[in-house]
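Chains, contacts and geometry: an overview
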Amino acid sequence: MSLLNEVDDYLHAAPLSGATPEEVGPFTLFRSTSPWPYYARPRPGGEQTIEAADLEALRKRCTELDLPLNLEWVVETCPSLSAAAAAAGLEVIEHPLLVLDQANFKPATADANCTVLPAVESVLREARAVANVAFGDPGTAVGSGGIEDRDAKAAEISPEMLKFLLDRAQAGYSITAGAATADGLVASGVHQPVGKASEIVGVATLPAMRRRGFGAAVTSCLAEHAFGMGVTLLLLSAESDAVAAVYERIGFRRIGHAGAAEVPDSE
């Protein structure tokens, strides 16, 4: 099995900890059982050509279930989907897809305390708030969002979302790491193990704290934890080439692209 196929298999298995799968033509539609939204993916290994009728059937089923039409996939294992999704009026984005071989891992540090965080409500709330602030101002440029914004976002996190985060942490589905200064957490991220594979997701730094190496240090901490628990396939997708370059500095290498498609906001 090729490395891309192994990645594809992991990405198809990972949502099962929080969603119920339903087969719709060549797709698996992951129906969320939590506050976290999921998506549809083409089934791995089918080598099928996605056609307009397949997407129309998926759109119809999503409408019946009152779910948004969102897609995620590995571009190289289902190359027909990007064009088909665009032709169906969806907004298509292809992100760099990277893996880290343990032999090439170059641990990174920063002027902060970087650790795997305990499964404690207050800690997970703060880590999630860091991500909420950061993803509201994406990219790598220094911005204005800082400690006060983090604390304001923390107060907005619902009890349902907090319970979801805590349940996943306690079950071992999500391992969160963070970088903390005297002001508390300034960066956070998660890895999500399934068997011997895991994906690093949601690495985020408060915009006001960017360009200090915190994101790389959190990623490094997550990688060390994943390898320590026996993970042999560690992957991530980057928002952009600039973000991918941060991960490449600690040893990640590009192997392809992660595709995503959704209905444009204008609709």
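Placed above this text is the structure.
Residues numbered from 1 in each chain as written. Predicted model: local features only at pLDDT ≥ 70, side-chain atom pairs only at ≥ 80, totals over all residues. Heavy atoms only, no water.

Of all the residues in helix H8 (residues 241-248), the buried ones are Val243, Ala244 and Tyr247. The buried residues of H8 all sit within an arc of 100° when viewed along its axis, so they share a single face. (Buried < 20%, exposed > 50% of the residue type's maximum accessible area, 1.4 Å probe, protein only. Helix = DSSP H or I, 4+ residues; strand = E, 2+ residues; numbered from the N terminus. Arc of directions from axis to C-beta.)

Looking at the secondary structure, you find His12 in helix H1 (residues 3-13). Residue His12 is classed as buried on the basis of its relative accessible area, which comes to 14%. Of note is the side chain of His12, whose polar atom sits 2.9 Å from the side chain of Arg41. Leaving out residues up to four positions away in the same chain, His12 has contacts with Thr28, Phe30, Arg41, Pro42, Arg43 and Pro44. (Polar contact = N/O pair within 3.5 Å; in protein donor to acceptor, adjacent residues only side chain to side chain. Contact = heavy atoms within 4.5 Å.)

Considering all chains together, one arrives at 1 cavity of 30 Å³ or more under this definition. The volume enclosed by the largest cavity comes to roughly 70 Å³. Taken together, 12 residues line the largest cavity, and the ones lying closest to its centre are Asp8, Pro42, Arg43, Thr77 and Cys78. Residue classes in the lining of the largest cavity are distributed as 5 nonpolar, 4 polar and 3 charged. (1 Å grid on protein atoms, 1.4 Å probe; cavity = no way out; pocket = protein on both sides within 12 Å on 5 of 7 lines; lining within 4 Å. Points joined across faces, edges and corners; volume = space filled by probe spheres on them. Nonpolar A, V, L, I, M, F, W, Y, C, P; charged D, E, K, R; others polar.)

The next thing to look at is the environment of Ala103. Following the sequence through the fold, Ala103 ends up in the loop between strand E5 (91-100) and strand E6 (113-116). Judged by its relative accessible area of 78%, Ala103 falls in the exposed class. Each C-alpha atom, one on Ala103 and one on Gly251, is 8.8 Å from the other, the two residues being 148 residues apart in sequence.

Running from N to C, helix H4 (residues 121-135) and helix H5 (residues 147-156) cross one another at 115°; their axes reach a closest spacing of 8 Å. Judged by the angle between their axes, H4 and H5 are roughly perpendicular. In the packing of H4 onto H5, the handedness of the crossing is right-handed. For the pair H4 and H5, the contacting residues are Arg125, Glu126, Ala129, Val130, Asn132 and Val133 in the first and Asp149, Arg150, Lys153, Ala154 and Ala155 in the second. Counted by class, the contact of H4 with H5 contains 5 nonpolar, 1 polar and 5 charged residues. (Axes fitted to C-alpha atoms, helices over the stretch in contact; angles between N-to-C directions. Parallel < 35°, antiparallel > 145°, perpendicular 65-115°, else oblique. Left-handed = near helix turned anticlockwise from the far one by under 90°.)

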